[in-house]
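Report on the structure
So the chains spell out like this:
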Amino acid sequence: MPRDRPPRGSPLMYTRGRGQTVALPSPPVVPASERPAAPLSLGFLTILHEASGYLGGYLVTNTWGRPLEFRLSSAVQPNKVQQILYAGTLLPYICADLIGKTLVDKAAVSVSLVVTDREAALDLRLKLEVPVLWLAGADDPRALALAGGPSAVVPASAGRGPVLCHPRYAAQDVPASRELLSRLDSAFDLAEPFGRVREAIAEARKLGVGARAA
Amino acid sequence: MDDAEETLPDRVDVESCTVDIPVEARSMPRFDRPLAATCREARLLNDNPWVRSLGKLTLDITTEGWRFPTPTDPPPAPPKSVPARTQSPVAEPPPERVNSDALHRLRPPRDTIVFKERLLYLLQPPLENVFGGRQVTVPFKPYPYQMEGIAFLMPRHAAILADEMGLGKTVQTILALRLMFHTAMIRNVLLVCPKPLVNNWMRELRTWAADLPFEVISGDLAARRFAWTASKCPLKLVNYELLTRDVEFVNDETVRFDVVVLDEAQRIKNKESKTAQVVRSLQRDRSWALTGTPIENSTEDLVNLFAFVDEGRIPAETPAKRLPALIGDTILRRVKEDVMKDMPPKTIRDVTLELTPAQKEAYQLAEKEGVIHLNELGATITVQHVFELVMRLKQICNFDPRTGQSAKLEQLVADMAEVAASNRKAIVFSQWVEPLVRIAEALEEFGPLQFHGRISQRERQEVLDRFQKDPNCHVILMSYATGSVGLNLQFSNYVFLFDRWWNPAIEDQAINRAHRIGQKSPVFVTRFIAQDTIEGRIAEVLEKKRELFNELVAQNQPPARLGMTEEEIFGLFDIPARPRTARAA
């Protein structure tokens, strides 16, 4: 171990016996363009509406779809007054501000991209610094209407709806999302993890595992 | 009055009179008092209006999370010559596969009670995605039933994979372990197998898990001690005999494995044997057993197997009819009929075996002396000389001339035990009669029948009829010359090539005794190859010729030129072929 901390940028020195100092070879400087890209993590957010209310599941995976973290929210059921007062903003508030934001913030693993299968959660983009994509259903009329617009990231294909970003951030999110999606494994199906999340939620319910204090 | 025009008087005299009108004056009470304005205090604007709470307007949630081990990124698979999935050079129509949309996902078994562990399995991606992408490269995509086997093994701490022989228990195990290493579920594994199969496992590991380092525990005492107690290699391979001998190292408190896999696990069916005791003493988290014959003689075999796999699961004196309920989803067995739609009609596997010490010594001596002799012949050497040496060496690869030891026979006996236990039938081919006679003696318990040049024509049909009809006759021993043509043995599912012929076309004809129209199940062909011998070199040459043939010529033409040329035969010993003019002489 070097006895004296060398000035920044100078090679590391360590002291042998009898006061000899030897310079350790500095590691080669790798240009930024040649450095391997930082590992990419994706978040998959789904919100279910059940008799007990709205609850969310959030799965964080690597580029190969392997799970890194899973979070589950408690169920929230708005009462009549809240429904009246929030009116049309209730669903986006619950999905994006309340459930989505809380799950993403509480997760230990940060993500580069969030994918959701609920349009109402798309407003989560207003709270985050990373792109949020909506994986729309193949027959969703609103999605099909937006598919030709500037917020389309991936067009609709056979049996699959388009992938859309938040319209307000289309200018930066569309190219950024496409670049991130190009780094995924070829066999990665964006819709597939949502099935796993739903199964995990069902398993939690079956075992009586509920969200305790965060 | 005059009625005529009356005119009004100009003047009327009115008498005044005085009328007294009493006037009373009273005061109005309301005017007794002066007007006084009054003011009543109004407090409405100063006090807060009353309110009633309608309830909390904000919404709150709580969350709970589980974090999983970070998967390791496997390095890019090293470039290697991928062995072609050995199929007949004659193009076979691809089998009809069931087109299923069901993806194979891990399902936690019933006895996994920790919720986080259950989540870890549930949240894994489907195996089809894992093998279909870039993350896990395999030479061939596993069959659907093999995906099912991998999905069965991975989440289990106790498992018995009891597939019928030939369905790929080795492949399923290797891939399951490989994926578990990738997902950081495990960090070290011990794989125990019979000694003749060590090389086979090594080859399969290199083929199916090139990114997984492994080491074979062998060598002298010091080397083995290091391998057991100090080596950090993630996967260790050992044979049963060495494991038993190294019980002292095995029981070291530092020696612990995340998974212990037993191949040919019927080896421990005798609970009181030393092997079984040592195996049970291994410290481990997961116990997997691979065997094609979980019940060889009685249900006691299965119970003893569970003494390793999951001790305590089957209480003593449990009646046999209660076993299915107890072993539940711990055991998975498929037979050919279950999976035939997934499999090709014919599968060929090469089993490389290490010669026994006696064979090795005899072989090395014969090769050395033989090559010296060939070199001494000089220009007089002919291909016949080389041929004779090759034949001699091949015979030693079959049996040691002095002791009769045979690594191939040991393996064949073990394989036949599985074949017979599954009520199947097998054909064993050799190019000589003498080995067939010796094999018949070793396979006595399986009802062997012989079909070669020493069997008279009259007896041959009786032999064939008996082989087909007698349920106790599980194997027929044939020479290539007599058994290669004109026979229909499509009720046999296994073909063993005890030694190989020069021309793969002849081999194919032999194989096709079983693999032909009317065959209802896949056929499994096993080719024995003695490691580091002439057999391996011949096999390489023939394989290259087969591949070239398949690329260049039509698939249904008889492969007339697949045999070895003179140059190739000379090349087996690095001897230059004679010039053509010398040969003409």
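From a predicted model like this one, the values you see are computed outputs, not experimental measurements. (Residues numbered from 1 in each chain as written. Chains lettered and ligands numbered in written order. Predicted model: local features only at pLDDT ≥ 70, side-chain atom pairs only at ≥ 80, totals over all residues.)

1. Describing the overall build of chain B
Basically, it comes down to this: A run of H or I in DSSP counts as a helix once it spans at least four residues, and a run of E counts as a strand once it spans at least two, with each numbered from the N terminus. Neighbour counting defines burial: a residue surrounded by 20 or more other C-beta atoms within 10 Å of its own C-beta is buried, one with 12 or fewer is exposed, and intermediate counts give partly exposed, using backbone-placed C-beta atoms. The contact rule is simple: place each C-beta atom from the backbone, and if two of them lie within 7 Å, those residues are in contact.
Each helix and strand in chain B was counted, giving 22 helices and 14 strands. A total of 585 residues make up chain B; the buried ones form 38% of that total. Contacts in chain B between residues far apart in sequence, at least 24 positions, make up 76% of those at least 6 positions apart.

2. Quick notes on the overall build of chain A
Counting its regular elements, chain A contains five helices and nine strands. Listed by position from the N terminus, the elements making up chain A come as β-β-β-β-β-α-α-β-β-α-β-β-α-α. Classification of the 214 residues of chain A by burial places 37% in the buried group. For chain A, the proportion of contacts with a sequence separation of at least 24, taken over those separated by at least 6, is 50%.

3. Considerations on the pairing of strand S5 (residues 67–73) of chain A
Heads up, the rule is: Strands qualify as paired when DSSP identifies two bridges or more between them.
Of all seven residues in S5(A), seven are buried; the element is thus mostly enclosed. In this sheet, S5(A) lies alongside strand S4 (residues 53–61) of chain A in antiparallel orientation, the contact comprising five bridges. Across the sheet, A:Tyr58 pairs through a bridge with A:Arg71, a residue of S5(A). In this structure, S5(A) lies alongside strand S1 (residues 63–67) of chain B, joined through five bridges in antiparallel fashion.

4. Here's the deal with the interface of chain A and chain B
Rules: Each residue gets one of three labels, nonpolar for Ala, Val, Leu, Ile, Met, Phe, Trp, Tyr, Cys and Pro, charged for Asp, Glu, Lys and Arg, and polar for the others, Gly among them.
Tallying the contact residues gives 43 residues for chain A and 28 residues for chain B. Contributions of two or more residues to the side of chain A that touches chain B are made by S5, helix H1 (80–86), helix H2 (90–106) and helix H5 (192–206) of chain A. Looking at the side of chain A that touches chain B element by element, the count peaks at seven residues for S5(A). Split by residue class, the side of chain A that touches chain B holds 24 nonpolar, eight polar and 11 charged.

5. Points about helix H15 (residues 407–421) of chain B
Counting along an α-helix, one turn takes 3.6 residues, and residues three or four places apart therefore face a common direction. Residue and element names in this part refer to chain B. Rules: Helices are assigned an expected span. That span is 1.5 Å times one less than the residue count.
Compared with the 21 Å implied by 1.5 Å per residue over 15 residues, the 22 Å span of H15 between its first and last C-alpha is a close match. Within H15, 11 of the 15 residues are buried, which leaves it mostly tucked inside the rest of the structure. Taken together, the buried positions of H15 are Ala407, Lys408, Leu409, Gln411, Leu412, Asp415, Met416, Ala417, Glu418, Val419 and Ala420. Note on H15: the residue one or two positions beyond its end, asparagine 423, has a positive phi of about 60 degrees.

6. A few points about the packing of H5(A) against helix H1 (residues 115–122) of chain B
Inclusion rule: Here the axes come from fitting lines to C-alpha atoms, over the contacting stretch only for helices, and the angles between their N-to-C directions go from 0 to 180 degrees. Small angles under 35 degrees read as roughly parallel and large ones over 145 as roughly antiparallel, with 65 to 115 read as roughly perpendicular and the rest as oblique. The sense of a crossing depends on the near helix, which, turned anticlockwise from the far helix by less than a right angle, makes the crossing left-handed and, turned clockwise, makes it right-handed.
Orientation of H5(A) relative to H1(B), taken along the N-to-C sense of each, is 160 degrees, at an axis distance of 10 Å. By the criterion of interaxial angle, the relationship of H5(A) to H1(B) is roughly antiparallel. Both H5(A) and H1(B) take part in a crossing whose hand is right-handed. Residue-level inspection shows A:Arg196, A:Glu199, A:Ala200 and A:Glu203 of H5(A) in contact with H1(B), the latter providing B:Arg118, B:Leu119 and B:Leu122.

7. Topic: the domain arrangement of chain B
Residue and element names in this part refer to chain B. Operational definition: For the domains described, the bounds stem from an automatic or database domain assignment.
When its domains are assigned, chain B resolves into domain 1 (115–339) and domain 2 (346–584). Put simply, the middle of domain 1 and the middle of domain 2, counted by C-alpha atoms, are 32 Å apart. The interface is formed by 15 residues belonging to domain 1 together with 20 residues belonging to domain 2. Considering each element in turn, the side of domain 1 that touches domain 2 owes the most residues, three residues, to helix H5 (residues 198–208). Considering only residue class, the side of domain 1 that touches domain 2 consists of four nonpolar, five polar and six charged.

8. Examining the packing of helix H4 (residues 169–182) of chain B against H5(B)
For any two helices packed against each other, the geometry comes down to the angle between their axes and how far apart the axes lie. All names here are of chain B. Contact geometry of H4 with H5 gives a least axis separation of 10 Å together with a crossing angle of 55 degrees. Classified by the angle between their axes, H4 and H5 sit oblique to one another. Relative to H5, H4 is oriented so that their crossing is right-handed. Residues Thr170, Val171, Ile174 and Leu175 of H4 form the contact with H5, whose own contacting residues are Trp201, Glu204, Leu205 and Trp208. Considering only residue class, the contact of H4 with H5 consists of six nonpolar, one polar and one charged.

9. Quick notes on the sheet that holds strand S14 (residues 523–530) of chain B
Residues and elements named next belong to chain B. The parallel open sheet is built from six strands, whose spatial order is S9-S14-S13-S10-S12-S11. Every other strand in the sheet has two partners, leaving strand S9 (346–353) and strand S11 (448–451) as the edge strands with one partner each. Adjacent strand axes in the sheet meet at a mean angle of 20 degrees when their direction is disregarded. Inspection of the sheet shows strand S13 (residues 494–497) paired to S14 by four bridges, in the parallel sense. Paired with phenylalanine 496 across the strands is threonine 526, a residue of S14.

10. Describing the sheet that holds strand S8 (residues 152–154) of chain A
If you walk across this open sheet you meet the eight strands as S8(A)-S9(A)-S7(A)-S6(A)-S3(A)-S4(A)-S5(A)-S1(B), and the pairing is mixed. Either end of the sheet is taken by a strand with one partner, and the two such strands are S8 of chain A together with S1 of chain B. Here the average twist between neighbouring strands, direction ignored, is 25 degrees. As judged from the two bridges shared by S8(A) and strand S9 (residues 163–165) of chain A, these two strands associate in the antiparallel manner. Within S9(A), the position partnered with A:Ala152 by the bridge is A:Leu164. Here H2(A) sits on the sheet in contact with strand S3 (42–50), S4, S5 and strand S6 (113–116) of chain A together with S1 of chain B, set at roughly 40 degrees to S4(A). Sitting on the sheet, helix H4 (residues 170–182) of chain A touches S6, strand S7 (132–135), S8 and S9 of chain A, and the angle it makes with S9(A) is about 140 degrees.

11. Remarks on unusual backbone geometry
All names here are of chain B. Even without glycine at this site, glutamate 264 takes up a positive phi of about 50 degrees. Structurally, glutamate 264 can be placed in the loop between strand S6 (257–262) and helix H9 (274–281). Look at asparagine 423: it is not a glycine, yet its phi comes out positive at around 60 degrees. Position of asparagine 423 among the secondary structure elements: in the loop between H15 and strand S10 (426–430).

12. Things to note about the nonpolar core
Defined as follows: In plain words, the nonpolar core is the set of buried Ala, Val, Leu, Ile, Met, Phe, Trp, Tyr and Cys residues that C-beta atoms within 7 Å link up.
Counting residues in each nonpolar core, the largest one holds 115 residues, and the members touching the most others are A:Leu133, B:Val192 and B:Leu262. Setting aside its immediate chain neighbours within four residues, A:Leu133 contacts A:Leu113, A:Val115, A:Val153, A:Val163, A:Leu164, A:Cys165 and A:Ser177. Judged by nonpolar contacts, the second largest core, of 56 residues, contains B:Leu393, B:Ile476, B:Ile511 and B:Ile534.

13. Things to note about the confidence of the model for chain A
Selection criterion: Confidence of the prediction at every residue is given by pLDDT, a number between 0 and 100.
Residues with a pLDDT of 70 or more make up 80% of chain A, whose mean pLDDT is 82. Here residues 1–27 of chain A is a poorly scored stretch, pLDDT under 50, and it has 19 contacts once near neighbours within four places are set aside; other chains count.

14. As for the environment of B:Lys368
One can find B:Lys368 in helix H13 (residues 357–377). Residue B:Lys368 is classed as exposed on the basis of its C-beta count, with 10 C-beta atoms lying within 10 Å.

15. Notes on the environment of B:Arg105
All names here are of chain B. For arginine 105, the location among the structural elements is in the loop between S1 and H1. By the C-beta count within 10 Å, which is 20 here, arginine 105 ends up buried. Distance in space between the C-alpha atoms of arginine 105 and glutamine 124 is 7.2 Å, their sequence separation being 19 residues. Dropping the residues within four chain positions of it, arginine 105 is found in contact with Gln124, Pro126 and Ala151.

16. Some details on the confidence of the model for chain B
All names here are of chain B. Looking at chain B, the pLDDT average stands at 82 and 84% of residues meet or exceed 70. Scored below 50 in pLDDT, residues 554–560 shows nine contacts in the model against residues more than four places distant or in partner chains. Below a pLDDT of 50 lies the segment residues 581–585, which in the model reaches two contacts outside its immediate sequence neighbourhood of four places, other chains included.

17. Digging into the environment of B:Val259
Residues and elements named next belong to chain B. With respect to the element layout, valine 259 can be found in strand S6. By C-beta crowding, valine 259 is classed as buried, having 26 other C-beta atoms within 10 Å. The sequence separation of valine 259 and leucine 179 amounts to 80 residues, and the corresponding C-alpha distance is 13 Å. Excluding anything up to four places from it in sequence, valine 259 contacts Leu177, Ile186, Val189, Arg284, Asp285, Arg286 and Trp288.

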